[in-house]
Amino acid sequence: EDQVTQSPEALRLQEGESSSLNCSYTVSGLRGLFWYRQDPGKGPEFLFTLYSAGEEKEKERLKATLTKKESFLHITAPKPEDSATYLCAFQNQAGTALIFGKGTTLSVSS
Amino acid sequence: DTAVSQTPKYLVTQMGNDKSIKCEQNLGHDTMYWYKQDSKKFLKIMFSYNNKELIINETVPNRFSPKSPDKAHLNLHINSLELGDSAVYFCASSQGTGGVPQHFGDGTRLSIL
């Protein structure tokens, strides 16, 4: 069965303290892996799409990477405004709807 | 200028009532979605429409009926509301039929008393 697990569930960082969020997936054939950011009371905001192992995407302090079994969202020198819940999702080769993970809630304090 | 807008933002009602949630997108996208986010924060697809045609219909009780009068609008009507329907419902849109939502609305928080 296709599934996705994100860890940790919650992460507290000091401003400037770099870390990584993990997204492990089990899928018969991966069509794409996606990262979203969700602020409280808001809808998810699309961040990145990754299609194949070894691929990397960057945006400001965020970098997403992909292997055959997991994806990482690296956060370099985070700021308080990076505090949010980060969701990963994948789409299988059949191209059906995305399957979302539960998310990692990141809190960055100054 | 809001890209995907949903109304209402909050909906509090009693069990057994019928309610509707409206969604509009001004991005010119041709695919729209309804997602449900439960108390455990899992986001699950309910329906997807492309150019007013239903393309994804997950295992959702038939009390839920989507309606797309045109490709910029996708409304959700819910009959005979139950306690378990309490959740946040998100509308989303994307270009093409790839099935990947690109823009989400801010959600409608439905609470059943």
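Each chain has its residues counted from 1, running along the sequence as written. For naming, the first written chain is A and the first written ligand is 1, with later ones following in the order written. For this predicted model, a pLDDT threshold of at least 70 governs which residues receive local features, and a threshold of 80 or more governs which side-chain atom pairs are given and counted, while totals over whole chains, interfaces and linings are taken from all residues. To obtain the side-chain values, all non-hydrogen atoms of the structure were used and water was disregarded.

Visitor: Give me the sheet that holds strand β8 (residues 73-78) of chain B: which residues, what numbers.
Guide: Residues and elements named next belong to chain B. DSSP calls a pair of strands paired once it identifies at least 2 bridges connecting them. Secondary structure follows DSSP: runs of H or I at least 4 residues long count as helices, runs of E at least 2 residues long count as strands, and numbering of each begins at the N terminus. Taken together, four strands build an open sheet; the order of strands is β1-β3-β8-β7 and the sheet is antiparallel. The strands lining the two open edges of the sheet, one partner per strand, are β1 (4-7) and β7 (64-70). Averaged over all pairs of adjacent strands, the angle between their axes in this sheet comes to 20°, without regard to strand direction. In terms of strand pairing, β1 meets strand β3 (residues 19-25) through four bridges, oriented antiparallel. Within the sheet, the bridge partner assigned to Gln6 lies in β3 and is Cys23. The angle between two axes is taken between their N-to-C directions and runs from 0 to 180 degrees, where each axis is a line fitted to C-alpha atoms and a helix contributes only its stretch in contact.

Visitor: So what about the packing of aromatic side chains? Which residues, and what values?
Guide: Where two aromatic rings form a pair, the distance of their centres and the angle of their planes describe that pair. Two rings from Phe, Tyr or Trp (for Trp, the six-membered ring) form a pair when their centres sit within 6.5 Å of each other. Planes less than 30 degrees apart are called stacked, planes more than 60 degrees apart edge-to-face, and all others tilted. With the rule as written, the count across this model stands at nine aromatic pairs over all chains. Between Phe100 of chain A and Tyr35 of chain B the ring centres are 5.7 Å apart and the planes differ by 90°, which places this aromatic pair in the edge-to-face class. With Phe100 of chain A in strand β10 (residues 99-100) and Tyr35 of chain B in strand β4 (residues 31-37), this residue pair bridges two chains. Exposure class is identical for Phe100 of chain A and Tyr35 of chain B. Each is buried. With a centroid separation of 5.6 Å and an interplanar angle of 55°, the aromatic rings of Tyr35 of chain B and Phe104 of chain B are classed as tilted. Note that Tyr35 of chain B is positioned in strand β4 and Phe104 of chain B in strand β10 (residues 103-104), a separation of 69 residues in sequence. For every residue, the accessible area obtained with a 1.4 Å probe (protein chains only) is divided by the maximum for its type, and the residue is called buried under 20%, exposed over 50%, and partly exposed between those limits.

Visitor: Now, about the interface of chain B and chain A: what can you tell me, with residues and values included?
Guide: Throughout, a residue-residue contact means that at least one pair of heavy atoms, one from each residue, lies within 4.5 Å. In this assembly, 18 residues from chain B lie in contact with 16 residues from chain A. Once two parts are joined, some of their accessible surface, as seen by a 1.4 Å probe, is lost; buried area is that loss totalled over both. In this assembly, chain B packs against chain A so that about 1400 Å² is buried in total across both faces, 58% of it on carbon and sulfur atoms. Whenever Lys or Arg places a side-chain nitrogen within 4 Å of a carboxyl oxygen from Asp or Glu, that contact is recorded as a salt bridge. Remark: the boundary between chain B and chain A carries one salt bridge. Between N or O atoms, a polar contact is any pair within 3.5 Å; within protein, one atom must be a potential hydrogen donor and the other a potential acceptor, and residues adjacent in sequence are included only when both atoms are from side chains. Our enumeration of links across chain B and chain A arrives at four residue pairs in polar contact (both at pLDDT 80 or more).

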